[in-house]
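Read off the chains here:
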Amino acid sequence: MMRTYAMALGGAGLLLSASVVAAFAAGTEKPTLPPDPPKFEAQGQVDYVSQADIFEFKALPDYHEPDWVTKNFVDAGKLPPVKDRLPKEPLVYKKGNMVDGLGVYGDTLRHVIGGRPEGWNYIGGQTQGWGGIDIGLSECLTRSGPLFEIKPSELQPLPNLAKSWEWSKDGHQLTMHLVEGAKWSDGVPFTSEDVMFYWNDNVNDPNVTPLNGAKPGTFGEGTTLEAKDDYTIVWTFKQPFAKQYLYQMAYGTFCPGPAHILKPQHPKYSKNTYDQYKNAFPPEYMNIPTMGAWVPVEYRPDDIIVMRRNPYYWKVDEAGNQLPYLNEMHYKLSTWADRDVQAVAGSGDFSNLEQPESFVEALKRSANPAAPARLEFGPRIIGYSLYPNLSANGWGEPDERGQAVRELNRNEHFRKAITEAVDRQRLGESLVKGPFTTIYPGGLYSGTAYYDKASTAYYPFNLESAKAELAEAGLKDTDGDGIVNFPAGTAGGKNVEVTLLVNGDYQTDKSLGDGIVAMMEPLGIRVILNTVDGKQRDALQQAGKFDWMVFRNQEEMTSVVQKTVNLAPVGPKTSWFHRAGKDDQLDLLPFEQELVDVVNKFINSGDGDEQRELMKQYQKLYTENVYGIGLTQYPGALIINKRFANVPKGTPINLFNWAEDSVIRERMYVPTDKQGNYELHAQTLPGAPGSAGPIK
Ligand code: GLA
Ligand code: CA
């Protein structure tokens, strides 16, 4: 089956509820339908397949590995034979789904990233610097990235560390079978103990603060998990057949860490504080055991992280060749913009071209047939929103001014004023001219499966109407300096000043921040930028320390089924911009309660038609009430050096997960005649956990 992406799905007439229309005050404008996005030929074509076409778990008659591993390690008695390092039934990738067929060993995938590693305690809440580095180290119960090529009618998360599962008759229990005999990269067996350590002592320990990881509510309130034996775990859910949670068991939220290494450092089992636990594995700590295809063996600050092949990796190809094909992986520590530049120039191998400021140059340079990299645009699934902090319950401990802003954020007229003061056409063009960016009212993106134009309320740019909304919100410029003032008695009746949290690692975030400052000024709101690096941005967001933030949306907006719990405050900490205060209570607005109900129904529904209807309701509630303020959406392009084979056709840069997951890097290879000389630690393997580097 061959299909191109659905770009904008056309829509019928505007169907807004009478109650909403009646609520419009004098001088304010009613919402309309969003305009259709400019035509943009997405090049990405996807060949849809079934899960069984991609891989299965089974034993093969014999197994193979790079010759140097056999010669230097197995024959020398340093490593057991490959068949003993693999599980009973490894994950076997099928040849028919590899666009270039079975691969050969060798070469390096050179990534460039703008983030920096905090350390290796991923489940304890540390970032490794993003750009897919953690994706390559962690393996999760299920897998979502490659779902972009699964037939939509067969969509469900792919098995991974959980190789199969079944539901009890009443649907409340889900029994999962872990891959039997799979091992961490240091040879220690992976078992339910790793799973239970993650669940009991990380997810459910309120003192452990995961970054993007699982939080209470990620798997539904009241959900429990138990180990029956080394390879069997049993989930119990309050709702029957809550299949949606299988998606949360993929990247980000259920990727266990090595219990045999982490547990002894956890405060429950040591004298460590939680801070010491989190920081027990700094970037200098080498050879952290992974279940992923590569293991970090060298770190040079602000320079590079080098990873070598995991000799215990538990996936093979159909001929029994242990994966990965690529011996080494680099993470050059630079900037995100440099990732684009290097990928196009050929000194890097991979980029998600996602900052429109680089589009024209990247397109021009890769149009040359001699260019080292290919560039393929996908659908419009990158987008940004402005999120107002809706917690008036003490989350982030705002001062008097901050609290007054939270109250304003919760005022519908205030949010409408903001949205109508944003000139999205101009904002998009400030990033890049041409048919790339399009008007994004907020909510689900127009290029995605659940989008419904008729359910989307768009408040066009209209400064007069915006000002009328601001007056409705009770704001006036009482001292005539052009900035509206808080009402007397609130925050000293001072000018309304709002801080805007911006991730300074990305030019696009900064450009959008500048645009917001400029567009709020004529409205009479002073916006003060709080531009910090990505690590600090994440910390401030998690701590609730912001009035507004510019935010690049995640998979909940593109796929809806992945990270669904982030779509609304269904749990105390699941929303990006509205969380519980110290007393663990949320202060939901009435329409938010409706959003929560819709999202919970979506999660608990097994019916595709019903789910589509629910997402129409979601979109309507979201956009009519201006829940988040959409800014812009545009397509992204995957840039990959031409020497790489087995890059699936039409891989989107972020649909069910980032492209680093979707391309299935463990299956990519470089044909012998194209192999470069990039390995920094040729013929070595990861050393013992905590030891200095790789071993020969
Ligand atoms: C960062 C980058 C993305 C992607 C992700 C992967 O956020 O901006 O393009 O590489 O990391 O986690
Ligand atoms: Ca004033």
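Here the residue numbers are simple positions, counted from 1 along each chain's written sequence. Chain A is the first chain written and ligand 1 is the first ligand written, with later ones labelled in order. Totals for whole chains, interfaces and linings use every residue, but because this is a predicted model, local features are given only for residues with pLDDT of at least 70 and side-chain atom pairs only at 80 or more, for both listing and counting. Each side-chain value is worked out from all heavy atoms of the structure, with water and hydrogens disregarded.

Bringing the sheet that holds strand S22 (residues 548-552) into the picture now. Spatially, 6 strands are ordered S19-S23-S18-S22-S20-S21 in an open sheet, and the strand pairing comes out mixed. Only two strands of the sheet have a single neighbouring strand rather than two, namely strand S19 (438-439) and strand S21 (526-532). When DSSP locates at least two bridges between a pair of strands, those strands are taken to pair. A run of H or I in DSSP counts as a helix once it spans at least four residues, and a run of E counts as a strand once it spans at least two, with each numbered from the N terminus. As judged from the 2 bridges shared by S19 and strand S23 (residues 629-634), these two strands associate in the antiparallel manner. Counterpart to threonine 438 in the pairing with S23 is glutamine 633.

Glancing now at the sheet that holds strand S12 (residues 294-300). Ordered in space as S5-S15-S13-S12, the 4 strands form an open sheet in which the pairing is mixed. Each edge of the sheet is formed by a strand with only one pairing partner; in this case those strands are strand S5 (108-113) and S12. Between one strand axis and the next, the sheet turns through 20° on average, direction left out of account. Alignment of strand S13 (residues 304-309) against strand S15 (residues 328-333), held across 5 bridges, turns out to be antiparallel. Each bridged residue has a counterpart across the sheet, and for arginine 308 the counterpart in S15 is glutamate 328. All axes here are fitted lines through C-alpha atoms, helices being fitted over the stretch that makes contact, and every angle between N-to-C directions spans 0 to 180 degrees.

Excluding water, the donors of a metal are its N, O and S neighbours within 2.8 Å, or within 3.2 Å for Na, K and Ca, and that exclusion means sites may look incomplete. Protein coordination at the calcium ion (ligand 2): the donors are Asp477 (OD), Asp479 (OD), Asp481 (OD), Ile483 (O), Asn485 (OD1) and Asn495 (OD1), at 2.2 to 2.5 Å from the metal. The site at the calcium ion (ligand 2) holds 6 donor atoms, and with the angles between them running 76 to 169°, its shape is irregular. Mapped onto the polypeptide sequence, the residues donating to the calcium ion (ligand 2) form the spacing pattern D-x1-D-x1-D-x1-I-x1-N-x9-N. Note that aspartate 477 is positioned in the loop between helix H15 (463-472) and strand S20 (497-503) and asparagine 495 in the loop between H15 and S20, a separation of 18 residues in sequence. Residue classification places aspartate 477 among the partly exposed residues on the basis of a relative accessible area of 28%. Just to be clear on the cut-offs, tetrahedral is four donors with all angles between 85 and 135 degrees, square planar is four donors and octahedral six with opposite donors over 155 degrees apart and all others between 65 and 115, and anything else goes down as irregular. Burial classification: accessible surface area is computed with a 1.4 Å probe over protein chains only, and a residue below 20% of its type maximum counts as buried, one above 50% as exposed, and the rest as partly exposed.

A separate point is the site of ligand 1. Near ligand 1, the surroundings consist of Trp130, Gly131, Gly132, Trp336, Arg339, Asn352, Glu354, Tyr506, Arg552, Trp658 and Glu660. As used in this structure description, the phrase polar contact means that two N or O atoms lie within 3.5 Å; if the pair is within protein, one of them must be able to donate a hydrogen and the other to accept it, and residues adjacent in sequence are counted only when both atoms belong to side chains. In this structure, glutamate 354 approaches ligand 1 through a side-chain N or O atom, which is 2.6 Å from an oxygen atom. One of the side-chain nitrogen or oxygen atoms of tyrosine 506 is found 2.5 Å away from an oxygen atom of ligand 1. Protein contact buries 96% of the 310 Å² of open area that ligand 1 shows by itself. By convention in these notes, a residue is near a molecule or strand provided one of its non-hydrogen atoms lies within 4 Å of it. The protein chains shown are the only cover counted for residues, whose accessible areas, like all others here, come from Shrake-Rupley with a 1.4 Å probe.

Take the buried residues of types Ala, Val, Leu, Ile, Met, Phe, Trp, Tyr and Cys, join any two whose side-chain atoms come within 4.5 Å, and each joined set is a nonpolar core. With 183 residues, the main nonpolar core has Leu141, Trp235, Met249, Ile525 and Trp548 as its most contacted residues. Contacts are residue-level and defined by heavy atoms, with any inter-residue pair within 4.5 Å sufficient. Ignoring anything within four residues of it in the chain, the contact list for methionine 249 reads Cys140, Leu141, Thr142, Leu174, Met176, Phe219, Trp235, Phe237 and Phe254. Trp68, Phe73, Val74 and Leu79 belong to the second-largest nonpolar core, a separate cluster that totals 7 residues.

Now for the state of the cysteines. In this description, a disulfide is simply a cysteine sulfur pair whose atoms lie within 2.5 Å. What the rule picks out here adds up to 1 disulfide. Paired through a disulfide, cysteine 140 and cysteine 255 show a sulfur-sulfur distance of 2.2 Å. Handedness of the cysteine 140-cysteine 255 disulfide follows from its S-S torsion of about 80°: it is right-handed. With cysteine 140 in the loop between helix H5 (133-137) and strand S6 (142-143) and cysteine 255 in the loop between helix H7 (245-248) and helix H8 (259-262), the pair connects residues that are 115 residues apart, well separated along the chain. Both residues of the pair, cysteine 140 and cysteine 255, count as buried.

Let us now look at the pattern of salt bridges. Salt bridge criterion: a side-chain nitrogen from Lys or Arg within 4 Å of a carboxyl oxygen from Asp or Glu. Inspection of every chain in the model, using the stated rule, returns 37 salt bridges. The partner of glutamate 354 in a salt bridge is arginine 552, and the shortest N-O contact between them spans 3.1 Å. Highlighted residues: glutamate 354 in the loop between strand S16 (350-353) and helix H11 (359-366) and arginine 552 in strand S22, separated in sequence by 198 residues. Each of the two residues, glutamate 354 as well as arginine 552, counts as buried. A salt bridge links lysine 416 to glutamate 412; the nearest nitrogen and oxygen atoms lie 2.7 Å apart. Residue lysine 416 and its partner glutamate 412 are located together in helix H13 (residues 412-421), separated by 4 residues, close to a single helical turn. Given a relative accessible area of 2%, lysine 416 falls into the buried group. Looking at glutamate 412, the relative accessible area reads 30%, which means it is partly exposed. A network of salt bridges, in which partner residues are shared, links Glu139, Arg143, Lys315, Asp661 and Glu666.

We now examine the environment of glycine 687. Note that glycine 687 resides in the segment after helix H21 (659-662). Since its relative accessible area comes to 13%, glycine 687 is described here as buried. Excluding residues that lie within four positions of it along the chain, glycine 687 makes contacts with Asn287, Gly693, Pro694 and Ile695.

Another point: the packing of helix H14 (residues 424-431) against helix H16 (residues 507-520). With their axes 10 Å apart at the nearest point, H14 and H16 run at an angle of 145° to one another. Viewed along their axes, H14 and H16 form a crossing whose handedness is right-handed. Contacts between H14 and H16 pair Arg426, Leu427 and Leu431 from the former with Thr508, Ser511, Leu512, Gly515 and Met519 from the latter. We call Asp, Glu, Lys and Arg charged. Ala, Val, Leu, Ile, Met, Phe, Trp, Tyr, Cys and Pro are nonpolar, and the rest, Gly among them, are polar. Split by residue class, the contact of H14 with H16 holds 4 nonpolar, 3 polar and 1 charged. Crossings are assigned a handedness: left-handed for a near helix turned anticlockwise from the far helix by less than a right angle, right-handed for a clockwise turn.

Our focus in this paragraph is the confidence of the model for the chain. Low pLDDT means the predicted coordinates in that region are not meant to be read closely. Taken residue by residue, the chain gives an average pLDDT of 94. The fraction at 70 or more is 96%. Note: pLDDT gives the predictor's confidence per residue, expressed from 0 to 100. The least confident element of the chain is strand S1 (residues 2-4), whose mean pLDDT is 38; the most confident is strand S14 (residues 315-317), at 99. pLDDT under 50 marks residues 1-22. Its contacts with residues more than four places away, or in other chains, come to 55 contacts.

Here the focus is the side chain of serine 185. Mapped onto the elements of the fold, serine 185 is located in the loop between strand S9 (173-178) and helix H6 (192-203). When neighbours within four sequence positions are excluded, serine 185 is seen to be in contact with Ile288, Pro289, Thr290, Val295, Asn310, Pro311 and Tyr312.

Okay, H6 next. Of all 12 residues in H6, 10 are buried; the element is thus mostly enclosed. Looking at H6, one finds that the buried residues are Ser192, Asp194, Val195, Met196, Phe197, Tyr198, Trp199, Asp201, Asn202 and Val203.

Put simply, H13 and H15 touch, their axes get as near as 8 Å, and they point 160° apart. Between H13 and H15, the interaxial angle falls into the category roughly antiparallel. Considering how the two elements wind past one another, H13 and H15 form a crossing that is left-handed. When H13 is examined against H15, the residues His413, Phe414, Lys416, Ala417, Glu420 and Ala421 are found in contact with a partner set consisting of Leu463, Ser465, Ala466, Glu469, Leu470 and Glu472. Along the lines of polarity and charge, the residues of the contact of H13 with H15 split into 6 nonpolar, 2 polar and 4 charged. Should an angle fall under 35 degrees it is taken as roughly parallel, and over 145 as roughly antiparallel, whereas 65 to 115 is taken as roughly perpendicular and any remaining angle as oblique.

This part takes up the environment of glutamine 51. Along the chain, glutamine 51 falls in helix H2 (residues 51-54). Of the residues examined, glutamine 51 reaches a relative accessible area of 27% and is grouped as partly exposed. Apart from the residues within four sequence positions on either side, glutamine 51 is in contact with Ile150, Glu154, Leu158 and Pro159.

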